[in-house]
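# Structural overview
Residue strings, one per chain:
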Amino acid sequence: MSATVKNPFEHIVEPLDPKHPEQQFFNLSKLGDPRYDRLPFSIRVLLESAVRNCDEFLVKRSDVESILNWKQTQFQTVEVPFRPARVILQDFTGVPAVVDFAAMRDAVMKLGGDPEKINPVCPADLVIDHSIQVDFNRKSDSLQKNQDLEFDRNKERFQFLKWGSKAFRNMRIIPPGSGIVHQVNLEYLARVVFNQNGLLYPDSLVGTDSHTTMIDGLGVLGWGVGGIEAEAVMLGQPISMVLPEVVGYKVHGAADKFITSTDIVLTVTKHLRQVGVVGKFVEFFGPGVAQLSIADRATIANMCPEYGATAAFFPVDDVSLQYLEQTGREPEKLAYITKYLKAVAIFRDYNDVSQDPEFTQVVELDLSTVVPCCSGPKRPQDRVPVSDMKKDFEVCLEAKQGFKGFQVAPQRHNATAPFQFNGKEYALSHGSVVIAAITSCTNTSNPSVMLGAGLLAKKAVECGLSVKPYIKTSLSPGSGVVTYYLRESGVMDYLSQLGFEVVGYGCMTCIGNSGPLPEPVVEAITQGDLIAAGVLSGNRNFEGRVHPNTRANYLASPPLVIAYALAGTVRIDFDNEPIGMSSEGKDVFLRDIWPTREEIQAVERMFVIPSMFKEVYEKIEHVNERWNSLAAPSDKLYTWDPKSTYIKSPPFFDGLTRKLQPPASITDACVLLNLGDSVTTDHISPAGNIARNSPAARYLTSRGLNSRDYNSYGSRRGNDAVMARGTFANIRLFNKFLNKQAPQTIHLPTGETLDVFDAADRYQQSRIPLLVLAGKEYGSGSSRDWAAKGPFLLGIKAVLAESYERIHRSNLVGMGVIPLEYLPGDTADSLGLTGRERYTVVIPELLTPRMVVDIKLDTGKTFQVRLRFDTDVELAYFRHGGILNYMIRKMSES
């Protein structure tokens, strides 16, 4: 430790092993506090960070006491700082982060400071995995063609990121074609225990992707944050968080031999949504956990955002160490990881009940009750047992428009639309599968379900089954290791024969990069007004996310993705209806080709071996030749190209001065949008294709681009002009002003129906501030900072909602947009709000966390709402106009 650090807990620093005095650690057992051994393991990680970083400035002794006293303070909205060990980013969120850093350097210099102060002090890894699309599939050269297109489309972005890796210290770039960020994190980047400058401490992180929680399955505490919050952490600012409640999730019993980890996670997701864990940690314990592999645990932790928790923690145990050995970690690292975690009592034996800590509450899952299932058709938490899929889909067809309804007239339930494809006649109907994608970090990291899919494909081919050629099939593994063991085990050829060729290493279909469907298929869906289906092994299936032409989207295990592709429809009862006809003309049922857990495990033991991981990862940072040969500038200040349509200096810091302006009330605001429940960040700031008739398309056309060069919104996040025009541009946005789905709204002063951006532009020209009205769970879904930046640029000063998703509320705070929340029992309907009123939000000079403020309407009505600035730190950010302004002023101080 540095002698300059004034840490009041330095006296508990000691060598881990007297034979190796160079390896030291904070021995928390020397605190001599009996409360420590009763803390949840996840809270112990927060405590260690507070003890190690205690400087009586950013982290105080009182913070350590608050964490030790968790049993009482968890219910008292106590704020504590947390300094994660590292930050992880992917390119959709990483590009805007680097853009912000480049712009912040410019701003600091304008204010007379040293621009190089804007530099990560916390290690950051950026994995490029979100840019590749499924443009080509079903051919052996699909992978190469998709990767070539990825580079051609994104060369400018990649050059910018490469500049960032040179200009900023502590920033490592994992090149495109390497894999999905969370799987690379699990298999390669995770330290489990840091060994930094002779000091050992637990690995922990925050990431700019909501599924950062996947790493919790390995016993590394991590969760998703907004991009702007991550930027502050990279610059050395601790996260200010309310000490969470911790729900203990006890797992016991044994799963049936036909059950997959996907079935378990979809069951857990629905269960914990019902329990209510928003803003809480979930910590898994019980003898059932010991039966789950790290891949199974990681799958469950990955979908943490879908059940609403902040983190889903599986403390390290012997199974974790076996995984580290399997994935090629060095023996000397395993030795100090094991010894350190046991020394600080953060190592678990799930069969030892004496180690069970105290939890806020305990809920249980008996694994024997889990049945094969999917989730959909519009939300991850809407679990459907496979045995009920046909009936459930048909109920959804007729049900009122909503999360479980499409409102199709009964006489149209059996409508069909004929079409020709490759010279043959086919027909689509409601429920026809047109996309079947084995994709996403959630499942492709798990050898058991990937090999299960391969074995099912083998049996299907041997029976003579095939997938209709118009179905867009794809396989996008999370790392090169997956391809390695699928090939070595001999199942890759069978997957290819069913159309599941490797199309790329990245998120692809799960993020909305599903690429185009064949034109005849699109025409049949459109002309027949059909509810076509996508089936994917992903974690998100919100409306408009997977593909504009698949209105029903189901999350399923990789084997089930293949099963529904073979069936060609989700309107099938696999128990009683054959999946197809064998080459001998006999009915084949799913049960005839479904592999057992024992079959899968035998193949996994033989073919998933450490040498594969070592071979793939020892060259991961240098294997992409196009990346290696990519030229990039090395100046410390970025030279912005005014001709660029990808990278643009953002206007966030225009006019920024050293002097703070006092907070002002919002006067006579108009409502830009009147929205309902579960508005996702995909609705607010879509990541997928740019529609040809959208404001963003018109802007890009005006810059000389053809529609084929638009790329996606996700790839354009380095250009605020595109992203502002893409805000609320999702075609599935339901605005109560219009009473239909459309990316439009009513300009209230004139009554005109306009695209949302055009309406906002009119309001800004008239200097009219804007509000958004919303229902429950506003901002659920991906941790997307442009879902806050975009509204800020549209002139939205506040959002009034019944409740918020955690990360999105934080992002709004970070951009200086006020999150307002109805008081318990109040809603827009109960208060009689139409959205056509003019709103004045009274902001007092003296602000306190979570205070109640008045809203006055031009009708004379006044009501109260809660100001959702939850901590004093968040109020400080607000007074500065956002977290980045706060950091710029701080870095500009001499």
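All of the points below concern the structure found in this document. Keep in mind that what you see is a predicted model, and the values were worked out from it rather than measured.

## Quick notes on empty space enclosed by the protein
Taken as a whole and judged by the stated rule, the model has 5 cavities of 30 Å³ or more. Quantified by volume, the largest cavity comes out at close to 190 Å³. For the largest cavity, the lining is made up of 22 residues, of which His130, Asp209, His211, Ile511 and Arg545 are closest to its centre. A class-by-class count of the residues in the lining of the largest cavity yields 6 nonpolar, 11 polar and 5 charged. By volume, the second largest cavity amounts to about 90 Å³. Each residue belonging to the lining of the second largest cavity can be placed in one class, and the counts come to 3 nonpolar, 4 polar and 5 charged.

## Let's talk about the pairing of strand 31 (residues 770-773)
Residues Leu770 and Val772 of strand 31 are buried on one face, and the alternating residues Leu771 and Leu773, pointing to the opposite face, are buried as well. As judged from the 4 bridges shared by strand 26 (residues 666-674) and strand 31, these two strands associate in the parallel manner. Looking across to strand 31, one finds that Asn674 is bridged to Leu773. Bridge analysis of strand 31 against strand 32 (residues 796-801) gives 4 bridges, and the strand direction is parallel. Paired with Leu770 across the strands is Ile796, a residue of strand 32.

## Considering the pairing of strand 13 (residues 281-285)
Counting buried positions over the 5 residues of strand 13 gives 5, a clear majority of the element. In this sheet, strand 13 lies alongside strand 12 (residues 246-252) in parallel orientation, the contact comprising 5 bridges. Residue pairing in the sheet places Lys250 in a bridge with Phe285 of strand 13. Each parallel crossover has a hand, and the one from strand 12 via helix 8 (residues 261-275) to strand 13 is right-handed.

## Some thoughts on helix 6 (residues 181-189)
For an α-helix, 3.6 residues make a turn, and residues three or four places apart therefore share a direction. For helix 6, a buried count of 8 out of 9 residues is recorded, marking the element as mostly surrounded by other parts of the structure. When helix 6 is considered as a whole, its buried residues turn out to be Val181, His182, Gln183, Val184, Asn185, Leu186, Glu187 and Leu189.

## Some words on the packing of aromatic side chains
A full pass over the atoms with the stated rule returns 27 aromatic pairs. Ring centres of Trp223 and Phe281 lie 5.6 Å apart, and the angle between their planes is 50 degrees; this geometry places the pair in the tilted category. Of the two residues, Trp223 is situated in strand 10 (residues 221-224) and Phe281 in strand 13; the sequence distance between them amounts to 58 residues. Ring pairing ties together the aromatic residues Phe101, Phe160, Trp163, Phe168, Tyr638 and Trp640, which thus form one cluster. In this structure, Arg44 is placed above the aromatic ring of Tyr36, and the distance from its NZ or CZ to the ring centre is 5.4 Å. The ring of Trp786 carries the charged tip of Lys789 above its face, separated from the ring centre by 5.5 Å.

## Brief notes about the packing of helix 7 (residues 227-234) against helix 32 (residues 883-892)
Here helix 7 crosses helix 32 at 20 degrees, and the two axes come no closer than 9 Å. Considering the angle they form, helix 7 stands roughly parallel to helix 32. Here helix 7 and helix 32 pass one another in a crossing that is left-handed. Counting all contacts with helix 7, which are made through Ile228, Glu229, Glu231 and Ala232, the residues of helix 32 involved are Ile883, Leu884 and Met887.

## Observations concerning the sheet that holds strand 12
Read across the open sheet, the 4 strands follow the order 14-13-12-15; overall the sheet is parallel. Looking at strand neighbours, the two that pair on one side only are strand 14 (311-313) and strand 15 (361-366), the edges of this open sheet. Between one strand axis and the next, the sheet turns through 25 degrees on average, direction left out of account. The sheet contacts of helix 1 (residues 41-52) involve strand 12, strand 13 and strand 14, and relative to strand 13 the element is tilted by about 125 degrees.

## Side note on the nonpolar core
Ranked by size, the top nonpolar core spans 306 residues in total, and within it Tyr564, Phe728 and Tyr778 carry the most contacts. When residues in this core are grouped by element, the largest group, 11 residues, is from helix 4 (residues 91-110). Ignoring sequence-local partners within four residues, the contact set of Tyr564 consists of Cys374, Val386, Met389, Val433, Val535, Thr569, Val570, Ile572 and Phe574. Judged by nonpolar contacts, the second largest core, of 11 residues, contains Ala697, Leu705, Tyr710 and Val722.

## Observations concerning the sheet that holds strand 6 (residues 171-174)
Spatially, the 5 strands line up as an open sheet ordered 6-5-4-9-10, and their pairing is parallel. Unpaired on one side and paired on the other, strand 6 and strand 10 mark the two borders of the sheet. Shown here is a sheet whose adjacent strand axes are inclined to one another by a mean of 20 degrees, direction ignored. The pairing of strand 9 (residues 204-207) with strand 10 spans 4 bridges and is classified as parallel. Looking across to strand 10, one finds that Leu205 is bridged to Gly222.

## What to know about the pattern of salt bridges
This structure, assessed with the given rule, holds 43 salt bridges. Taking the shortest distance from any N to any O, the salt bridge between Lys339 and Asp17 comes out at 3.4 Å. In this pair, Lys339 sits in helix 13 (residues 331-343) while Asp17 sits in strand 1 (residues 13-17), placing the two residues 322 residues apart along the sequence. The residue Arg86 makes a salt bridge to Asp203 at a minimum N-O spacing of 2.8 Å. Within this pair, whereas Arg86 is found in strand 4 (residues 86-90), its partner Asp203 is found in the loop between strand 8 (199-202) and strand 9, the two being separated by 117 residues in sequence.

## Brief notes about the state of the cysteines
Throughout the structure, instances matching the rule amount to 0 disulfides. With no disulfide of its own, Cys373 lies closest to Cys374 among cysteine sulfurs, the gap being 6.9 Å. Here Cys373 falls in the buried class, since its relative accessible area comes to 0%.

## Overview of the layout of surface pockets
Its volume calculated, the second largest pocket comes out at about 970 Å³. The wall of the second largest pocket is formed by 34 residues, among which His547, Pro548, Asn689, Ile690 and Ala691 lie closest to the centre. Per-class residue counts for the lining of the second largest pocket are 15 nonpolar, 12 polar and 7 charged.

## Comments concerning the side chain of Glu501
In this structure, Glu501 sits in the loop between helix 18 (492-497) and helix 19 (519-528). Put simply, Glu501 is tucked away with no salt bridge, and the nearest opposite charge, on Arg138, sits 9.1 Å away. Dropping the residues within four chain positions of it, Glu501 is found in contact with Arg138, Lys139, Ser140, Ser474, Leu475 and Ser496.

## Topic: the environment of Leu748
Mapped onto the elements of the fold, Leu748 is located in the loop between strand 29 (744-747) and strand 30 (752-755). Along the chain, Leu748 and Ala759 lie 11 residues apart, while their C-alpha atoms are 9.0 Å from each other. Apart from residues no more than four positions distant in its own chain, Leu748 is found in contact with Val671, Phe737, Tyr763, Gly835 and Arg836.

About the cut-offs
Residues numbered from 1 in each chain as written. Predicted model: local features only at pLDDT ≥ 70, side-chain atom pairs only at ≥ 80, totals over all residues. Heavy atoms only, no water. 1 Å grid on protein atoms, 1.4 Å probe; cavity = no way out; pocket = protein on both sides within 12 Å on 5 of 7 lines; lining within 4 Å. Points joined across faces, edges and corners; volume = space filled by probe spheres on them. Nonpolar A, V, L, I, M, F, W, Y, C, P; charged D, E, K, R; others polar. Buried < 20%, exposed > 50% of the residue type's maximum accessible area, 1.4 Å probe, protein only. Helix = DSSP H or I, 4+ residues; strand = E, 2+ residues; numbered from the N terminus. Pairing = 2+ DSSP bridges. Right-handed = clockwise from strand over helix to strand, strands pointing away. Phe/Tyr/Trp six-rings, centres within 6.5 Å; stacked < 30°, edge-to-face > 60°. Lys NZ or Arg CZ within 6 Å of the ring centre and 35° of its normal. Axes fitted to C-alpha atoms, helices over the stretch in contact; angles between N-to-C directions. Parallel < 35°, antiparallel > 145°, perpendicular 65-115°, else oblique. Left-handed = near helix turned anticlockwise from the far one by under 90°. Contact = heavy atoms within 4.5 Å. Core = buried A, V, L, I, M, F, W, Y, C linked by side-chain atoms within 4.5 Å. Salt bridge = Lys/Arg side-chain N within 4 Å of Asp/Glu carboxyl O. Disulfide = S-S within 2.5 Å. Lys, Arg positive; Asp, Glu negative; His and termini not counted.

In short, shape yes, function no, at least from these values alone.
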